[in-house]
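Now for the letters of each chain:
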Amino acid sequence: GQIKDEVEEYRKRLEACRILIEPTKLKIIEPSGGFYMCVDVSAYLNQDAPDSLSLAMRIIEKTKVAVTPGEDFGRKDFFRITLTSSRVVEGVERLCEYLKSL
């Protein structure tokens, strides 16, 4: 039914994002289900962006891509990215292009 179709669509989006993320220093934190993925951004933290919140702010400013910083979940080294948006693959592509330019 509809839920099965949605789960399959989220799986496809996750796999497309995984391919985009592969050549970056991001590391996917394997999801145990759900409709989001988390990525470890610690390799991109530095003096200018010491935590995921400051990196997320820089990313939204430079790419217009919004991610949820780990601070919302008690950590400073990851982003949570929803798979529910039909534009998630486009957003992850823009995010990865930006990170590769750093």
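So, here's what we can say about the structure.

Conventions and cut-offs
Residue numbers restart at each chain and count upward from 1, following the sequence in its written direction. Selection of residues for local features in this predicted model requires a pLDDT of at least 70, selection of side-chain atom pairs for listing and counting requires 80 or more, and totals for whole chains, interfaces and linings are taken over all residues. The side-chain values count all of the structure's non-hydrogen atoms but skip hydrogen atoms and water molecules. Secondary structure elements are taken from DSSP: a helix is a run of H or I of four residues or more, a strand is a run of E of two residues or more, and numbering for both begins at the N terminus. Burial classes: relative accessible area under 20% of the type maximum marks a residue as buried, over 50% as exposed, and values in between as partly exposed (1.4 Å probe, protein chains only). Under this definition, polar contacts are N or O atom pairs within 3.5 Å; protein pairs additionally need one hydrogen-donor-capable and one acceptor-capable atom, and for neighbouring residues in sequence, both atoms have to be side-chain atoms. Contacts are residue-level and defined by heavy atoms, with any inter-residue pair within 4.5 Å sufficient. DSSP bridges decide pairing: two strands pair if at least two such bridges lie between them. Using a grid of 1 Å spacing that covers the protein atoms alone, one calls a set of points a cavity when a 1.4 Å probe fits there but cannot get out, and a pocket when the set is open and has protein on both sides within 12 Å along at least five of seven lines; lining residues are those with an atom within 4 Å of a point. Grid points are joined across faces, edges and corners, and a volume is the space filled by probe spheres set on the points. Gly is put with the polar residues, along with every residue not named as nonpolar or charged; the nonpolar set is Ala, Val, Leu, Ile, Met, Phe, Trp, Tyr, Cys and Pro, and the charged set is Asp, Glu, Lys and Arg.

### A look at the side chain of Ser52
Position of Ser52 relative to the elements: it lies in helix α2 (residues 52-63). Taking relative accessible area as the criterion, Ser52 reaches 0% and is therefore assigned buried. Within polar-contact distance, the side chain of Ser52 engages the side chain of Glu71 at 2.3 Å. A distance of 3.4 Å separates the side chain of Ser52 from the backbone oxygen of Phe78, its partner in a polar contact. Other than its neighbours up to four places away in sequence, Ser52 contacts Val41, Leu45, Pro69, Gly70, Glu71, Arg75, Lys76, Asp77, Phe78 and Phe79.

### Here's the deal with the pairing of strand β2 (residues 36-40)
The element β2 is largely enclosed, with a buried count of 4 among its 5 residues. The pairing of strand β1 (residues 27-29) with β2 spans 3 bridges and is classified as antiparallel. Bridging from a neighbouring strand, Ile29 pairs with Cys38 of β2. Counted between consecutive antiparallel strands, the loop separating β1 from β2 contains 6 residues, among which Gly33 sits at a positive phi close to 120°. Examined bridge by bridge, β2 and strand β4 (residues 78-82) share 5 bridges and lie antiparallel to one another.

### A look at the pairing of β4
Where strand β3 (residues 68-69) meets β4, 2 bridges bridge the pair, whose relative direction is antiparallel. Paired with Thr68 across the strands is Arg80, a residue of β4.

### What about the layout of surface pockets?
By volume, the largest pocket amounts to about 280 Å³. The wall of the largest pocket is formed by 16 residues, among which Val65, Ala66, Arg87, Val88 and Gly91 lie closest to the centre. For the lining of the largest pocket, the secondary structure elements donating two or more residues are β4 and α3 (88-101). Among the elements that take part in the lining of the largest pocket, α3 stands out by supplying 6 residues, more than any other. The class makeup of the residues in the lining of the largest pocket is 7 nonpolar, 4 polar and 5 charged.

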